[in-house]
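Close look at the chain arrangement
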Amino acid sequence: MKITTVKTQPIDGQKPGTSGLRKKTRQFMQPHYLENFIQSIWNGIGGVHDKVLVLGGDGRYFNDRAAQVVLRMAAASGAARVIVGQGALLSTPAASNLIRQRRADGGIILSASHNPGGPDEDFGVKYNISNGGPAPEDVTNRIFAATQEISEYHIVEAQDVDLSRPGKTALAGMVVEVVDPVVDYKELMQGLFDFDAIRALFASGFQMRFDAMHAVTGPYARAIIEGELGAPAGSVINATPSPDFGGGHPDPNPIWAKPLMDLMMGAEAPDFGAASDGDGDRNMIVGRGCYVTPSDSLAVLAANAHMAPGYRHGLKGIARSMPTSGAADRVAEALGIPCFETPTGWKFFGTLLDAGRATICGEESAGTGSDHVREKDGLWAVLLWLNILAARRVSVASLIAEHWARFGRNYYSRHDYEGIDSTAATRLMDDLRARLPDLPGQVVAGMTVSGADEFAYDDPVDGSHTGGQGIRIGFDGGGRAVFRLSGTGTQGATLRVYLERYESDAARLGMESQEALAGIIAAAGELAGIRARTGRESPDVIT
Ligand code: G1P
Ligand code: ZN
C-alpha cells in the first residue's frame with residue numbers, strides 16, 4: 001500500500017480548548033483540516049511509530065469518515081495497532097477504559113460532546129494520553145505548536161477498513177482491531193456496583209427512564225440497564241445513536257432534556273430519571289418531582305459511595321472544579337478527607353486520580369466520575385445512584401432532603417449568555433479583572449463584596465501552574481459569583497456566570513433556586529454590566 005506525503009500549510013485556530021478541538025463540521029471537512037490536526041497530534045506527542053492507539057467517537061455526522069482518515073494516518077506513521085470501537089463508536093468513558101485496560105499509548109476520540117451534530121453543527125477531536133485521560137495542557141500546547149509549524153502529513157492510500165464487525169484486519173502493516181464498544185465497559189461497571197441489589201430494586205417494581213438523547217450511551221444503557229439489570233424494555237429511550245442526535249441538542253440539562261424533565265415533574269413520573277450527552281460522559285439525575293443539580297449529585301454520591309462495592313473502603317479525596325458548588329467540600333470535611341478545587345475541565349483531575357489523592361470528581365456542568373477511568377462518566381453516575389437507591393430504598397427527594405438536613409444546602413445556578421460578541425465578552429472580563437483590587441468593600445445591588453480574585457491553580461502533584469481560570473467575587477454572608485468564558489464553543493463567545501449561596505437554616509432549605517439567589521444574581525449583573533455589554537436582557541440557558 002502506498003504512503004502519500006501531502007504538502008500542507010498551517011491552518012489558523014487549531015488550538016484545543018477545554019476539551020479538544022471543536023469546530024463547525026464543515027470546517028473540519030475542508031481540505032487538509034482534519035489531516036493537519038491529526039498529523040499535529042502525532043507530531044506533538046513524538047510520533048506514533050510502534051504505538052498502540054484506541055479510536056472511537058460519539059457517532060455524530062462525519063464520525064465514520066474521520067475515523068477512516070485517522071486509521072490511514074496512524075498506519076502511514078507506523079502505528080502498531082489501533083483498537084477501534086465497532087462502527088467507529090466508543091463513548092468517552094469507554095474509550096478511557098479501553099486505553100487503560102489495553103495499556104494503549106493513547107487514543108483519539110471523535111466528539112464535540114454535548115454540542116449538536118450534523119453538517120451544519122459541530123465536530124471535534126480529542127487526544128487522550130496513556131492514563132486514559134484528556135491530554136494535559138503541556139501536551140495540548142505541543143499539539144497546538146505543531147499545528148502552527150506543519151508542512152506535510154502522511155496518509156496511506158487505501159480502501160475503507162470494514163469497521164462493521166469485531167475482528168482484526170491489517171492496514172499497511174498496522175493491525176486494526178475492531179471491538180464491541182460495550183463489553184469491556186460493562187465488565188468494569190459489574191466490578192464496581194452491586195448488580196444483584198439493583199436487579200432486586202427493579203424486580204420490586206422500581207421504574208426508571210434513561211434518555212440517551214439519540215447519542216452514544218444508548219447501546220451501553222440498553223445492554224446494562226435493560227439487559228443486565230432487568231429494567232423493563234422501554235426504560236431506555238432514544239437509544240439509537242444518530243448522526244444528528246435526532247435533530248436535538250444532546251446536552252443532559254433541564255433545558256435540552258425537557259421531555260424527560262416534564263415526565264419526571266408530572267403525575268406519571270417513574271421513580272428515577274437520567275440522561276447522558278453526545279459522547280456519554282455527562283449525566284443528569286432527576287427523581288420524581290425532584291431535579292438534582294450536578295453539584296448536589298456529586299456531594300450525595302461522595303457521601304454514599306461506600307454503599308457500592310467498588311468504593312466500600314471509602315474515598316481518598318474529592319475533587320471539584322472551581323465553579324462547582326461547595327456542597328462536596330462539606331462532605332469531604334465530614335469524611336475527614338481532602339477536597340481539591342481545580343480549574344474547569346476534566347484534564348485537571350488526572351494527576352490527582354493518578355496519584356491516588358482523589359477518588360471521586362465532579363463538575364457543575366453535569367460531569368461526575370471516579371478513578372475507575374480518567375474521564376467523567378455519565379452511566380457510571382447513574383449506576384452509582386441506582387446502587388445507593390437500591391441499598392437505601394428511599395426516594396431521590398428524601399435522599400436529597402436528608403442530605404441538606406445534614407450538610408446544609410448550597411443553592412446554585414449557572415447562567416449562560418451564548419453566542420455573544422467575542423470582543424464584548426473579552427472586554428467584560430478584562431474590565432472586571434482590572435477592577436478586582438478595588439472591589440472588596442464595595443456595595444453592589446445591596447450586597448457587600450468581601451473578596452475578589454482571578455482563580456489560578458497550582459497542581460499539587462506535578463506542580464504545573466494554570467492561570468486565568470475564572471473571576472471570583474465573594475459577598476458578605478458567604479455567597480459568590482464566578483465569571484468565565486467558555487472554552488468549548490464554536491461561535492462567538494459564551495459567558496458563564498456561576499451563582500451560589502449556602503443555607504443551613506432548616507426552615508429555608510426548600511426555596512426555589514433563582515429566588516434564593518436573587519440578590520447575588522442582581523449583584524453579579526450589575527458588577528459586570530452584563531445587560532449593557534452583551535445586549536441581553538436575560539441568560540439563554542439557566543441550569
Ligand atoms: C464545558 C464545561 C466544563 C466541561 C467541558 C467539557 O466547558 O463548563 O465543565 O469540562 O464543557 O465537557 P466550557 O465550555 O465551560 O469551557
Ligand atoms: Zn461529553
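The text that follows walks through the structure, step by step, so that each part is easy to find. (Residues numbered from 1 in each chain as written. Chains lettered and ligands numbered in written order. Predicted model: local features only at pLDDT ≥ 70, side-chain atom pairs only at ≥ 80, totals over all residues. Heavy atoms only, no water.)

**Topic: helix 7 (residues 195-203)**
Here is the rule: Only protein chains enter the accessibility calculation, which uses a 1.4 Å probe; a residue whose area is less than 20% of its type maximum is buried, one above 50% is exposed, and one in between is partly exposed. Helix and strand definitions follow DSSP, with helices as H or I runs of at least four residues and strands as E runs of at least two, each counted in order from the N terminus. As used here, the arc belongs to the directions running from the helix axis to the C-beta atoms.
Here helix 7 has its buried residues at Phe-195, Ile-198, Leu-201 and Phe-202. Mapping the buried residues of helix 7 onto a view down its axis gives an arc of 115°, with all of them on the same face. Among the exposed residues of helix 7, those oriented more than 90 degrees off its buried face are Asp-196 and Ala-203. In the segment just after helix 7, Gly-205 is the residue with positive phi, at about 105°.

**Describing the sheet that holds strand 17 (residues 360-363)**
Put simply, the rule reads: Two strands are said to pair when DSSP picks up at least two bridges between them. An axis is simply a line fitted to the C-alpha atoms; with a helix, the fit covers only the stretch in contact. Between two such axes, the angle follows the N-to-C directions and lies from 0 to 180 degrees. The criterion used for residue contact is that any of the two residues' heavy atoms lie within 4.5 Å.
Ordered in space as 16-15-17-18, the four strands form an open sheet in which the pairing is mixed. Every other strand in the sheet has two partners, leaving strand 16 (339-342) and strand 18 (367-370) as the edge strands with one partner each. Looking at each pair of strands side by side, their axes are set apart by 15° on average, direction ignored. Taken together, the four bridges between strand 15 (residues 318-321) and strand 16 define a ladder with parallel strand orientation. For Arg-320, the partnering residue across the bridge sits in strand 16 and is Glu-341. In this fold helix 10 (residues 294-304) packs onto strand 15, strand 17 and strand 18, with an angle of close to 170° to the strand it touches most, strand 17. Sitting on the sheet, helix 11 (residues 327-335) is in contact with strand 15 and strand 16, with an inclination near 165° to strand 15.

**Here's the deal with the pattern of salt bridges**
Defined as follows: Salt bridges are defined by distance alone: a side-chain nitrogen of Lys or Arg within 4 Å of a carboxyl oxygen of Asp or Glu.
Under the counting rule described, the total for this entry stands at 37 salt bridges. Salt-bridge contacts for Arg-320 lead to Glu-341; the nearest nitrogen and oxygen are separated by 3.3 Å. Placement of Arg-320 in strand 15 and of Glu-341 in strand 16 is noted, with a sequence separation of 21 residues between them. In this structure, Arg-414 and Glu-364 form a salt bridge, with 3.1 Å as the shortest nitrogen-oxygen distance. With Arg-414 in strand 19 (residues 409-420) and Glu-364 in the loop between strand 17 and strand 18, the pair connects residues that are 50 residues apart, well separated along the chain.

**Some points on the site of ligand 1**
Heads up, the condition is: Proximity criterion: a residue is near a molecule or strand once any of its heavy atoms comes within 4 Å of it. N or O atoms closer than or at 3.5 Å make up a polar contact, with two conditions inside protein: a donor-capable atom paired with an acceptor-capable one, and, for residues adjacent in sequence, both atoms drawn from side chains. Accessible areas in this description were obtained via Shrake-Rupley with a 1.4 Å probe; residue shielding takes into account the shown protein chains only. Here the nonpolar group is Ala, Val, Leu, Ile, Met, Phe, Trp, Tyr, Cys and Pro; Asp, Glu, Lys and Arg are the charged ones; every other residue, Gly included, is treated as polar.
Within the structure, ligand 1 sits among 15 residues, and Thr-18, Ser-365, Ser-486, Thr-488 and Arg-496 are positioned closest to it. Contact between ligand 1 and Glu-363: an oxygen atom at 2.7 Å from a side-chain N or O atom of the residue. Take Arg-484: an N or O atom from its side chain is 2.6 Å from an oxygen atom of ligand 1. Protein contact buries 98% of the 380 Å² of open area that ligand 1 shows by itself. Within the shell around ligand 1, the residues separate by chemical class into no nonpolar, eight polar and seven charged.

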